[in-house]
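Structural overview
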Amino acid sequence: MQEQPESPFAPGLTARVELTVTDADTALAVGSGDVPVLGTPRVLALAEAATVAATASRMPPGSTTVGIRVELEHRAATPVGRPVVAHARLAKVDGRRLLFEVAVTDGDETVAEGRVERVLVDRQRFVERASRAS
């Protein structure tokens, strides 16, 4: 049996990504609702961007991570013009699987929180496999 190489990632890695909400980020614009506030798909994209940022400096050459599971509770509305910050913390490493705890805040208020699971893959093989599937 082949031994798995040690992960380049360790629990505790963190990152934050900021966004000032624009009309293009609203539920109305992204099709997830009909109100002019930060849409849930944009909240999720921001949280995922923070997970990507957390691993960027330690990413092995030729590798990337892809999202495989998300659990997100979107708790509060954020109007256009307001800045929000996504925080990601790598909570667990299980082989190639990375489990992040994420939170999106608007000042002191938690707008959303949850978990994002990503897996480390060979970028070229992943893209080739996806191309063959279509």
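Okay, so let's go over this structure. Note that the structure is a prediction, hence the values are computed from the model and not measured. (Residues numbered from 1 in each chain as written. Predicted model: local features only at pLDDT ≥ 70, side-chain atom pairs only at ≥ 80, totals over all residues. Heavy atoms only, no water.)

**Digging into the overall build of the protein chain**
Within the protein chain, the secondary structure is distributed over three helices and five strands. Taken from N to C terminus, the helices and strands of the protein chain fall in the order β-α-α-β-β-β-β-α. Projected onto its principal axes, the C-alpha positions of the protein chain cover 55 × 35 × 20 Å. When the 134 residues of the protein chain are sorted by exposure, 32% land in the buried category. Sequence-distant contacts, at least 24 apart, represent 65% of the contacts inside the protein chain between residues at least 6 apart. (Helix = DSSP H or I, 4+ residues; strand = E, 2+ residues; numbered from the N terminus. Buried < 20%, exposed > 50% of the residue type's maximum accessible area, 1.4 Å probe, protein only. Contact = heavy atoms within 4.5 Å.)

**Looking at the pattern of salt bridges**
A full pass over the atoms with the stated rule returns 10 salt bridges. Notably, a salt bridge pairs Glu 101 with Arg 89, separated by 2.7 Å at the nearest N-O pair. Here Arg 89 lies in strand 3 (residues 83-94) and Glu 101 lies in strand 4 (residues 97-106), a separation of 12 residues in the sequence. Residue classification places Arg 89 among the partly exposed residues on the basis of a relative accessible area of 35%. (Salt bridge = Lys/Arg side-chain N within 4 Å of Asp/Glu carboxyl O.)

**Comments concerning the sheet that holds strand 4**
With respect to topology, five strands assemble into an open sheet ordered 1-3-4-5-2, the strand pairing being antiparallel. For this open sheet the edge positions go to strand 1 (14-20) and strand 2 (63-74), each flanked by a neighbour on one side alone. Ignoring strand direction, the axes of neighbouring strands in this sheet form an average angle of 25 degrees. Taken strand by strand, helix 2 (residues 40-56) contacts strand 1, strand 2, strand 3, strand 4 and strand 5 (109-122), and its axis lies near 145 degrees from that of strand 1. (Pairing = 2+ DSSP bridges. Axes fitted to C-alpha atoms, helices over the stretch in contact; angles between N-to-C directions.)

**Considering the pairing of strand 3**
Pairing of strand 1 with strand 3 involves seven bridges; the strand directions are antiparallel. What sits directly across from Thr 20, in strand 3, is Pro 83. Where strand 3 meets strand 4, nine bridges bridge the pair, whose relative direction is antiparallel. Bridging across to strand 4, Ala 88 finds its partner in Val 102. Connecting the antiparallel pair strand 3 and strand 4 is a turn made up of two residues, with Gly 95 showing a positive phi of about 65 degrees.

**Description of the side chain of Asp 25**
Tracing the backbone through its elements, the reader meets Asp 25 in the loop between strand 1 and helix 1 (27-30). Here Thr 22 takes part through its backbone nitrogen, which lies 2.8 Å from a polar atom of the side chain of Asp 25. Engagement of the side chain of Asp 25 in a polar contact is seen with the side chain of Arg 42, the distance being 2.7 Å. (Polar contact = N/O pair within 3.5 Å; in protein donor to acceptor, adjacent residues only side chain to side chain.)

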